[in-house]
There are 2 protein chains.
Amino acid sequence: MAVTDEAITKIKDMIISGELCAGDRLPPEKELSEKLGLSRSSLREAVKALEIIRVLDVRRGDGTYVTSLEPKLLTEAMTFIVDLHQDESILDIFEVRRILEPAAAAIAATRITPEQIASLRATMETIDDATSVEALVEHDLIFHQLITSAADNSYLASVLDALSSSTVRARIWRGLTQEKAVDRTLAEHTAIIEALERGDADLAKSLLTVHISAVEYWLRQAL
Amino acid sequence: MAVTDEAITKIKDMIISGELCAGDRLPPEKELSEKLGLSRSSLREAVKALEIIRVLDVRRGDGTYVTSLEPKLLTEAMTFIVDLHQDESILDIFEVRRILEPAAAAIAATRITPEQIASLRATMETIDDATSVEALVEHDLIFHQLITSAADNSYLASVLDALSSSTVRARIWRGLTQEKAVDRTLAEHTAIIEALERGDADLAKSLLTVHISAVEYWLRQAL
DNA sequence: ACTAAACAAACATCAGACCATTACACTGGC
DNA sequence: GCCAGTGTAATGGTCTGATGTTTGTTTAGT
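Residues numbered from 1 in each chain as written. Chains lettered and ligands numbered in written order. Predicted model: local features only at pLDDT ≥ 70, side-chain atom pairs only at ≥ 80, totals over all residues. Heavy atoms only, no water.

Brief notes about the overall build of chain A
In step 1: The helix and strand inventory of chain A stands at 11 helices and two strands.
In step 2: Overall, chain A shows an N-to-C arrangement of helices and strands of α-α-α-β-β-α-α-α-α-α-α-α-α.
In step 3: Whereas a compact globule of 223 residues would reach a radius of gyration of roughly 17 Å, chain A reaches 21 Å, over 25% beyond that.
In step 4: Across its three principal axes, chain A shows a C-alpha extent of roughly 60 × 40 × 30 Å. (Helix = DSSP H or I, 4+ residues; strand = E, 2+ residues; numbered from the N terminus. Rg over C-alpha atoms; globule rule 2.2 N^0.38 Å.)

Examining the side chain of S158(B)
Residues and elements named next belong to chain B.
In step 1: Locating S158 in the fold gives a position in helix α8 (residues 154-163).
In step 2: Within the structure, S158 has its side chain in polar contact with the backbone nitrogen of K72 (distance 3.5 Å).
In step 3: If sequence neighbours within four positions are ignored, S158 has contacts with P71, K72, L74 and T75. (Polar contact = N/O pair within 3.5 Å; in protein donor to acceptor, adjacent residues only side chain to side chain. Contact = heavy atoms within 4.5 Å.)

Let's talk about the protein's contact with DNA strand D
In step 1: For DNA strand D, the set of nearby residues contains 22 residues, the closest of which are V3(A), S41(A), R60(A), R40(B) and R44(B).
In step 2: Restricting the count to atoms of DNA strand D within 4 Å of the protein gives a sugar and phosphate share of 70%.
In step 3: Residue S41(A) places a side-chain N or O atom 3.3 Å away from a base oxygen belonging to DNA strand D.
In step 4: Between R44(B) and DNA strand D, the recorded distance is 2.6 Å, taken from a side-chain N or O atom to a phosphate oxygen.
In step 5: Considering every element that reaches the surface near DNA strand D, the biggest residue donor is helix α3 (residues 40-52) of chain A, with three residues. (Near = heavy atom within 4 Å.)

Focus on the relation of the copies chain B and chain A
In step 1: For the pair chain B and chain A, the best superposition has an RMSD of 0.2 Å and corresponds to a rotation of 180° with a translation of 0.1 Å parallel to the axis. Such values leave the two copies arranged in the relation of a two-fold axis.
In step 2: A shared interface surface links the copies, since 100% of the contact residues of chain B are contact residues in chain A too. (Least-squares fit on C-alpha atoms with pLDDT ≥ 70 in both.)

Remarks on the pairing of strand β2 (residues 63-66) of chain A
In step 1: Taking every second residue as pointing to the same face, both faces of β2(A) are buried, with G63(A) and Y65(A) on one and T64(A) and V66(A) on the other.
In step 2: Once strand β1 (residues 56-59) of chain A ends, the chain turns through three residues before running back antiparallel as β2(A), passing G61(A) with a positive phi of about 80°. (Buried < 20%, exposed > 50% of the residue type's maximum accessible area, 1.4 Å probe, protein only. Pairing = 2+ DSSP bridges.)

A few points about the side chain of T67(A)
Residues and elements named next belong to chain A.
In step 1: Relative to the helices and strands, T67 resides in the loop between β2 and α4 (72-83).
In step 2: Accessibility expressed as a relative area gives 12% for T67, which makes it buried.
In step 3: What T67 contacts, discounting residues up to four positions off in sequence, is A22, G23, R54, V55, L56, D57 and L73.

Some words on the interface of chain B and chain A
In step 1: Opposite the 40 residues of chain B that make contact, chain A presents 40 residues.
In step 2: Between chain B and chain A, roughly 4200 Å² of surface is buried when both sides are summed, and carbon and sulfur atoms account for 73% of that area.
In step 3: Our count for the contact surface shared by chain B and chain A stands at eight salt bridges.
In step 4: Between R111(B) and E95(A) there is a salt bridge, with its nearest N and O atoms 3.4 Å apart.
In step 5: Connecting chain B to chain A are 10 residue pairs in polar contact (both at pLDDT 80 or more).
In step 6: With nine residues, the single largest contributor to the side of chain B that touches chain A is helix α5 (residues 90-111) of chain B.
In step 7: A class-by-class count of the residues in the side of chain B that touches chain A yields 25 nonpolar, five polar and 10 charged. (Buried area = accessible area lost by both parts, 1.4 Å probe. Salt bridge = Lys/Arg side-chain N within 4 Å of Asp/Glu carboxyl O. Nonpolar A, V, L, I, M, F, W, Y, C, P; charged D, E, K, R; others polar.)

Structural notes on unusual backbone geometry
Residues and elements named next belong to chain A.
In step 1: A positive phi is found at R54, a non-glycine position, where the angle reads about 60°.
In step 2: If you trace the backbone, R54 turns up in the loop between α3 and β1.
In step 3: Positioned with a positive phi, D152 is a non-glycine residue whose angle comes to about 60°.
In step 4: Positionally, D152 belongs in the loop between α7 (133-150) and α8 (154-163).

Topic: the environment of P102(B)
In step 1: Tracing the backbone through its elements, the reader meets P102(B) in helix α5.
In step 2: Those residues in contact with P102(B), other than ones at most four positions away along the chain, are R97(B), K205(B), L208(B), T209(B) and I212(B).

Here we look at the protein's contact with DNA strand C
In step 1: Near DNA strand C, the surroundings consist of 23 residues, among which E29(A), R44(A), V3(B), S39(B) and R60(B) are the closest.
In step 2: For DNA strand C, the fraction of protein-proximal atoms (within 4 Å) that sit in sugar or phosphate groups is 78%.
In step 3: With respect to DNA strand C, the side chain of R44(A) contributes an N or O atom lying 2.6 Å from a phosphate oxygen.
In step 4: Take T64(A): an N or O atom from its side chain is 3.3 Å from a phosphate oxygen of DNA strand C.
In step 5: Those elements giving two or more residues to the surface near DNA strand C turn out to be α3, β1 and β2 of chain A together with α1 (3-16) and α3 (40-52) of chain B.
In step 6: For the surface near DNA strand C, the leading source of residues is α3(B), giving three residues.
In step 7: For the surface near DNA strand C, a count of residues per class yields five nonpolar, eight polar and 10 charged.

Observations regarding the domain arrangement of chain A
Reports often express the size of an interface as the amount of accessible area lost when the parts come together.
In step 1: Each assigned domain of chain A is listed here: domain 1 (3-66) and domain 2 (72-222).
In step 2: Taking only C-alpha atoms, the centre of domain 1 of chain A and the centre of domain 2 of chain A are 37 Å apart. (Domains from an automatic or database assignment.)

And the structure:
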């Protein structure tokens, strides 16, 4: 194995073993490179790789730290990869969403707070007939994120957020606008909010299944 | 933005725009670094980061290539991150698995081939009373992977594989062995195979829910 | 006590050298 | 003509050392 990959493994092991904890600061690059037995250049490659997947946080002029390692950090790394897979595979991604999002809504229905309901309603009010596609995408993003976060499971939220990255969303809403299907989609959002408010897990789940399937059906035709 | 991060973005954009396709070879490091306007060292950091998340494949003495970008490559990158999140958060991970795996089994029940059924049976026959924990983990890994792959959705398989990384599995089987719960777990595996063979999606789904919930219950007590 | 300048520590970047591996073309033998 | 072995060029892997930039801390002055 290359020295850089060894260094990646060693740093990872230091975190798994507990030698390094969330928030801890790593030794300076020079010192760490000597300890691990490689040059500073090679160590920097390892650190950069761990920074991209949000394991390390490098602060210039200060030092390098282990991130909080919260599940939400998984999103960024996953989104990066999902963004690159956008053609045929989009239907597979939707199949996973159609499993996860209704389940998330059902959980959310039992746990959602009045404040979260209010936030959902607020996102609806930012929309009218003149709203741009970009604003619709933004609304959609927040709407679905509010539901997944109401399910109170960071992993669930992270995976779902990554699977519905904004580049994918943008393409879909552009299509929905052309098909004049925006009204129907927004009406579905309203119905979902009402089901969540009544705590009707079963209805919320079914509504989400219908909601996602509708988009999936449109996509299947468009491709 | 730092030059290295710029380089990462530029390379990513080259892939999204189609300037670089799966399997394509990048220009040599020296040439690419001049084209992007940064030193070879800094470019190498960018390349290393993209290699870790399986976007690039670097072959020493040959060149650097864009990977196939298949969804299964998502697994490795995700596993790397999930491996680092192993304490309290394990229950959240199980909640996601309990949603996805029964759904995957239901889909698998309608699509599974006789060959895949035979492979599942074969994994059962490698096990007896004297089997070591390591071998049990290996069996479990293959068993669940066969089911997710029978669902014929690479994204579903990737996400599930990542969420049930082998480090997590190892801990659990060690616990099951101590609790003498190995027999019951293996019996559940057998029942799942039979449901899949009969194409009974509903039963397969329920069996998976029970199967995962049992482990989840044990975990909740153990923590 | 407060402020601002100086300092030190740490990461950012670069240039250039040399090593190790691989692919490929060439050559000789069959 | 075909194949195996060989050599070479191309390419990534690694190291060293220097310099720039940013940040946090200390210190001198008010």
